[in-house]
Amino acid sequence: MTQILKLTINGTSQDIPIDDPRATLLDVLRERIGLTGTKKGCDRGQCGACTVLIDGRRINSCLALALSYDGAEITTVEGLAQGDLLHPVQAAFIEADGFQCGYCTPGQIMSAVALIAEGEAGLDPERVREGMSGNLCRCAAYAGITEAVLKATRAMNREDAA
Amino acid sequence: MADVMNIQGHVRLGSNAGQSMTRRDGVLKVTGRATYAADNRPEGVLHAVTATAGIARGRVTHLDVAAAEAHPGVVKVYTPANRPDLAVSPDEKIHGFAWRTEALQDDTVRYAGQPIALVVAETLEAATEGARLLAPRYDADTPRIGLDGGVPFQPETVSIGASPTLEAGDMDAARAGAARHLETVIETAAQYHNALEPHAITARWTGDRLEIDTPNQAIGLAKQSFAAYLGIDPAQILIRSPFLGGGFGSKAILFGGQLLAILAAKDLDRPVKLALRREQMYGPVGHRPATRQTLKLDIDPQGHISALDHHTIAVTSSFDDFIESASNASHSVYATKAMRTTHGAVRADTGTPGPMRAPGEAPGSAALEVAIDDAAYAMGFDPLEFRLRNYAETDPATGMQFSSKALRECYAQAAEAFAWKDRPLEPGSMKQGRLLKGWGMGTAQFPCPMFQAAAHATLRADGSAVVETSAADMGQGAWTSLAQIAADGLGIDIDRLEFRSGQSSLPDAGVAGGSGHTATAGTALFNAGADTIRQLAELALNDPASPLFGADNAGVTARGGRLYRNDDDTRSEAYEDILARAGLDLLRGDGKGAREGEPERAMFSHGGVFAEVLVDPDLGQVRVSRLIGAFAAGRIVNPHLARSQLLGGMIWGIGFALQEEAIHDVRTGRFTNADLAGYHIPVNADVPMIEALTVHEDDPFVNSLGIKGVGELGVTGTVGAIGNAVWHATGIRPKRFPIHPESLI
């Protein structure tokens with residue numbers, strides 16, 4: 001039986017027909033509506049490549065049954081930049097070389113956006129490393145990732161102050 | 001050594017190469033627009049899932065195909081009974097770089113997790129459930145697992161076609177005069193590449209033309225291989241592989257699932273997409289096998305190594321040979337009067353191993369560096385002093401000169417940055433609070449192979465250019481560093497260069513592996529640019545209307561989109577003006593990259609790695625608190641990206657030393673940890689203060705561009721450095737990597 005899933009994805013509200021209740025949010029994003037920026041690395045919540053924000057909170061979308069998120073607001077990596085203007089976290093990842101192959105990068109970036117919003121890590125590198133440790137990077141761009149999160153935090157602090 | 005770049009004088013290297021540019025694919029990667037194979041969704045695509053064996057050895061006796069096909073959405077189930085034909089059996093070795101693979105050729109099971117059926121469905125959910133419903137039954141044999149559970153044999157070759165044995169010098173004579181005989185036995189665990197992107201393929205037929213999206217490190221070779229298995233002309237196949245979500249060696253190999261997806265797409269006349277599940281990456285796509293290594297060092301009274309004997313036993317599969325060439329890592333690192341390196345092997349019921357980042361070198365270096373450290377302590381030397389005392393001025397394995405070797409400078413710079421000079425000789429001397437602190441070091445070394453590559457360069461009427469080669473970017477930054485080299489070959493700014501890559505219709509760029517891709521494909525690109533500029537210069541030099549007229553053939557240099565007379569820098573002409581006057585819209589050049597002839601020098605990248613660890617004396621928990629390496633690798637094309645490669649390698653060293661280990665249940669032959677929760681790779685919090693310095697090095701012999709490689713170098717040296725730091729903290733020499741906490745308490 002097809003059900004209609006209402007989601008607001010990157011600011012646009014959508015009615016998504018779901019013909020299979022087993023579909024995860026990750027597979028709905030990737031296979032049904034074509035938002036393939038969010039990646040599948042393990043499909044069991046161990047690598048973080050599928051991290052998206054639901055109502056501002058970071059989750060592993062591979063562990064989320066899509067139908068249980070009816071009405072939610074979802075932000076994916078496709079929703080961060082405004083036109084050609086990159087989000088400060090995206091810009092910082094390029095500048096600090098916070099990735100190599102790029103596959104874990106959407107998840108790293110979504111996690112970093114939420115970590116900065118959570119305000120728990122601030123400019124403490126140890127806490128940034130801890131707060132980003134749910135996102136695996138096999139290329140091991142960790143030094144760049146930590147630097148990128150710190151850079152972006154400083155840039156966003158300046159924006160807030162301005 | 002023959003010089004493959006036969007065109008000197010026209011072009012200038014260094015305008016673009018050598019600069020720390022950020023990645024040209026950066027915006028695509030941070031916005032989610034970089035397209036990996038499984039991101040493709042062709043119209044009408046079907047989803048395929050493989051069912052895999054739950055035993056490690058035996059036969060499949062029953063699959064409930066009816067139950068699977070009855071599931072809503074399931075389109076077809078493929079088993080050995082109905083799998084469409086291949087032109088060549090997947091058990092054939094179609095070339096020297098091919099692995100035997102499983103594509104439902106029979107009902108045999110040769111390792112746990114082997115594909116035994118393919119379920120194709122309208123949705124991923126239906127295919128996944130269909131695979132589960134097959135509920136296989138087996139006739140199971142007792143599995144043979146691990147170094148001690150398998151069947152020993154003497155391999156004829158190791159790695160890819162290398163000799164298993166090397167002897168240099170007179171071992172007996174060298175050993176006779178030694179003051180100390182030391183023996184070190186080290187085991188290393190089976191490791192899996194675990195690229196974050198699972199292996200995937202999207203296959204689509206249009207008539208007799210096949211389009212494949214799949215991540216591959218050598219798409220020219222892959223096209224030939226697919227064509228051979230399918231019995232079609234390679235010209236009918238287009239492979240797209242613009243981005244690889246990590247490779248590390250595992251995506252240089254074709255595996256049966258790719259063939260099955262292609263066959264199903266043909267059979268069903270619809271595109272088919274297959275992505276391995278994480279646990280399915282622990283078998284058909286290679287791994288680094290377990291080793292047991294024995295190192296015997298004989299040291300003379302002055303602290304010089306007189307004899308080195310390195311023997312490795314490595315696990316391979318029951319049906320194919322890839323023998324980890326760990327002993328060969330000892331060939332060229334330290335001076336010795338005599339050496340012997342040998343290999344044995346054990347057949348076990350696992351997937352076949354393959355090259356994994358620093359194959360042979362990583363486990364071999366780990367064991368060698370522990371043995372050297374042990375020898376240094378036994379002879380009363382500081383570990384750095386002992387390594388300098390045994391510095392190889394020439395290659396001990398061949399007697400050849402090194403093409404370049406700035407290892408002393410690497411040691412010095414890294415030791416200085418680390419503040420090594422304050423290190424006490426005795427283990428257990430340092431504490432930080434209640435934690436034991438230790439410092440260790442290791443030598444990093446990796447060979448500089450070159451493969452075969454070709455490239456085109458085309459200069460356009462407006463003075464911009466396009467270059468083409470089928471290079472693979474799996475994260476090393478090929479899109480960027482190769483473009484930098486290509487722009488220098490053409491003497492233009494990189495902003496005026498279009499870089500086309502990542503598909504098999506372009507000139508073959510060879511394999512992204514062996515840390516040789518930048519050197520090989522870079523040389524081809526540079527030469528293609530130089531060939532174009534040579535033609536452009538001929539046009540100008542023969543044209544009385546050109547300010548360059550009359551300069552002799554080597555009398556001009558290309559830079560910034562203009563040709564300049566070498567004897568008069570005020571006389572120059574823009575590319576577009578030369579082309580316009582000649583009435584040309586395009587000018588095209590070709591280039592090849594390869595090493596010609598037998599090398600006359602030993603060619604290696606080098607480095608020194610220094611590690612600090614903190615060990616909990618009660619729990620045995622080890623944390624790396626500082627890791628500093630300095631590396632010399634010839635010309636560094638892009639320091640920003642090279643640093644990332646080196647750091648990545650060093651962090652792989654942390655994983656090797658302390659975490660990575662695939663564990664079999666020996667009764668069933670199945671893995672107990674075939675996922676990213678059980679198979680630990682370093683996470684961000686595992687990575688401390690870490691730095692990779694690069695040491696200037698000019699190498700006129702390694703290739704015409706002076707480029708070595710940085711992709712694998714950082715793994716070597718680091719594992720030993722961490723192991724030696726653990727000893728320095730605790731007084732306990734590691735007997736096995738990864739080091740388990742319980743071995744330290």
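Residues numbered from 1 in each chain as written. Chains lettered and ligands numbered in written order. Predicted model: local features only at pLDDT ≥ 70, side-chain atom pairs only at ≥ 80, totals over all residues. Heavy atoms only, no water.

In terms of helices and strands, chain B carries 15 helices and 29 strands. For chain B, the C-alpha radius of gyration of 27 Å lies close to 27 Å, the compact-globule estimate for 745 residues. Projecting the C-alpha coordinates of chain B onto the three principal axes gives extents of approximately 80 × 75 × 50 Å. (Helix = DSSP H or I, 4+ residues; strand = E, 2+ residues; numbered from the N terminus. Rg over C-alpha atoms; globule rule 2.2 N^0.38 Å.)

Here we take up the domain arrangement of chain B. Residue and element names in this part refer to chain B. For chain B, the assigned domains are domain 1 (26-34 + 451-593), domain 2 (37-141 + 199-275) and domain 3 (291-449 + 599-744). Placing a centre on the C-alpha atoms of domain 1 and another on those of domain 2 gives a separation of 39 Å. Contacts between domain 1 and domain 2 engage 16 residues on the former and 19 residues on the latter. Summed over both partners, the interface of domain 1 with domain 2 comes to about 1300 Å²; 59% of that surface belongs to carbon and sulfur atoms. A breakdown of the residues in the side of domain 1 that touches domain 2 according to their chemical character gives 7 nonpolar, 6 polar and 3 charged. (Domains from an automatic or database assignment. Contact = heavy atoms within 4.5 Å. Buried area = accessible area lost by both parts, 1.4 Å probe. Nonpolar A, V, L, I, M, F, W, Y, C, P; charged D, E, K, R; others polar.)

In this assembly, 51 residues from chain A lie in contact with 61 residues from chain B. Of the roughly 4400 Å² buried between chain A and chain B on both sides combined, carbon and sulfur atoms contribute 54%. The three residues of chain A that bury the most area against chain B are Q100, R138 and Y142 of chain A, which together make up 19% of that side's buried surface. The tally of links from chain A across to chain B stands at 9 salt bridges. A salt bridge links R138 of chain A to E660 of chain B, with the nearest nitrogen and oxygen atoms 2.7 Å apart. (Salt bridge = Lys/Arg side-chain N within 4 Å of Asp/Glu carboxyl O.)

Another point: the packing of helix 8 (residues 361-378) of chain B against helix 15 (residues 718-730) of chain B. Residues and elements named next belong to chain B. In the contact formed by helix 8 and helix 15, the axes pass within 8 Å of each other and the chain directions differ by 40 degrees. With respect to their mutual orientation, helix 8 and helix 15 come out oblique. Our pair here, helix 8 against helix 15, has a crossing hand that is right-handed. Facing helix 8, whose interface residues are A366, E369, V370, D373 and Y377, helix 15 presents V719, G720, N724 and W727. Its residues assigned to classes, the contact of helix 8 with helix 15 comprises 5 nonpolar, 2 polar and 2 charged. (Axes fitted to C-alpha atoms, helices over the stretch in contact; angles between N-to-C directions. Parallel < 35°, antiparallel > 145°, perpendicular 65-115°, else oblique. Left-handed = near helix turned anticlockwise from the far one by under 90°.)

Another point: the nonpolar core. Core analysis: the largest hydrophobic core is formed by 142 residues, its most contacted members being V89 and F93 of chain A together with F386, V613, L627, I722 and F737 of chain B. The element that contributes the greatest number of residues to this core is helix 14 (residues 639-658) of chain B, accounting for 10 residues. Once you skip the residues sitting within four places of it in the chain, V89 of chain A turns out to touch I109, A112, V113, I116, A152 and M156 of chain A. Of all hydrophobic cores here, the second largest spans 45 residues; its members include A478, L482, A540 and L579 of chain B. (Core = buried A, V, L, I, M, F, W, Y, C linked by side-chain atoms within 4.5 Å. Buried < 20%, exposed > 50% of the residue type's maximum accessible area, 1.4 Å probe, protein only.)

Moving on, we come to the domain arrangement of chain A. All names here are of chain A. Domain annotation for chain A reports domain 1 (3-79) and domain 2 (88-161). Just the C-alpha atoms count here: the centres of domain 1 and domain 2 sit 22 Å apart. Domain 1 puts 15 residues into the contact, and the matching count from domain 2 is 14 residues. Buried surface at the junction of domain 1 and domain 2, both sides included, amounts to about 1200 Å², of which 57% is carbon and sulfur. Viewed at the interface, domain 2 and domain 1 are joined by 1 salt bridge. E118 is the partner of R58 in a salt bridge, and the nearest nitrogen-oxygen pair spans 3.1 Å. In this assembly, domain 1 and domain 2 are joined by 7 residue pairs in polar contact (both at pLDDT 80 or more). Split by residue class, the side of domain 1 that touches domain 2 holds 4 nonpolar, 8 polar and 3 charged. (Polar contact = N/O pair within 3.5 Å; in protein donor to acceptor, adjacent residues only side chain to side chain.)

Glancing now at the sheet that holds strand 12 (residues 237-240) of chain B. For sheets, the rule is that strands pair by backbone hydrogen bonds, running either parallel or antiparallel. All names here are of chain B. The 7 strands are arranged 3-5-1-13-10-11-12 in an open sheet whose pairing can be described as mixed. In the strand order of this sheet, the two ends are held by strand 3 (74-78) and strand 12, each with one partner. The mean inter-strand angle of the sheet, taken between neighbouring strand axes irrespective of direction, is 20 degrees. By the bridge criterion, 4 bridges tie strand 11 (residues 209-213) to strand 12 in an arrangement that is parallel. In the strand pairing of strand 12, L210 is matched with I237. Sheet strands touched by helix 6 (residues 219-230): strand 10 (200-206), strand 11 and strand 12. Its angle to strand 12, the strand with the most contacts, is close to 140 degrees. (Pairing = 2+ DSSP bridges.)

The next subject is the packing of aromatic side chains. Applying the stated criterion across every chain yields a total of 19 aromatic pairs over all chains. Arranged with centres 6.2 Å apart and planes meeting at 55 degrees, the rings of F418 of chain B and W420 of chain B form a pair that is tilted. Across the pair, exposure class does not vary: F418 of chain B and W420 of chain B are buried alike. Grouped by ring-pair contacts, the aromatic residues Y103 of chain A together with Y36, F243 and W479 of chain B constitute a single cluster. We note K405 of chain B situated over the ring of Y391 of chain B; from NZ or CZ to the ring centre the distance is 4.3 Å. Sitting over the ring of W727 of chain B, R733 of chain B keeps its end group 3.9 Å from the ring centre. (Phe/Tyr/Trp six-rings, centres within 6.5 Å; stacked < 30°, edge-to-face > 60°. Lys NZ or Arg CZ within 6 Å of the ring centre and 35° of its normal.)

Time to look at the sheet that holds strand 23 (residues 562-565) of chain B. All names here are of chain B. Spatially, the 3 strands line up as an open sheet ordered 22-23-24, and their pairing is antiparallel. A single partner strand is all that each edge strand has here, and the edge strands are strand 22 (556-559) and strand 24 (568-574). Ignoring strand direction, the axes of neighbouring strands in this sheet form an average angle of 30 degrees. Sheet analysis places strand 23 next to strand 24, joined by 4 bridges and oriented antiparallel. If you follow R565 over to strand 24, its bridge partner there is D568. Packing of helix 13 (residues 575-582) onto the sheet brings it into contact with strand 22, strand 23 and strand 24, and relative to strand 24 it is tilted by some 55 degrees.

Residue and element names in this part refer to chain B. Within the fold, R387 resides in helix 9 (residues 383-389). By relative accessible area, which is 0% here, R387 ends up buried. Excluding residues that lie within four positions of it along the chain, R387 makes contacts with Y334, E369, I372, D373, Y411, M441, G442, T443 and N724.

Quick look at the pattern of salt bridges now. In total, this model carries 66 salt bridges over all chains according to the counting rule given. With a shortest N-O distance of 3.0 Å, D15 of chain A and K6 of chain A are connected by a salt bridge. A relative accessible area of 48% means that D15 of chain A is categorised as partly exposed. The exposure class assigned to K6 of chain A is partly exposed, which follows from its relative accessible area of 46%. Residue D43 of chain A pairs with K40 of chain A through a salt bridge whose shortest N-O separation is 3.6 Å. Its relative accessible area of 19% is what places K40 of chain A among the buried residues. A single network of salt bridges, built from pairs that share partners, joins D27, K40, D43 and R44 of chain A together with R277, E279 and D675 of chain B.

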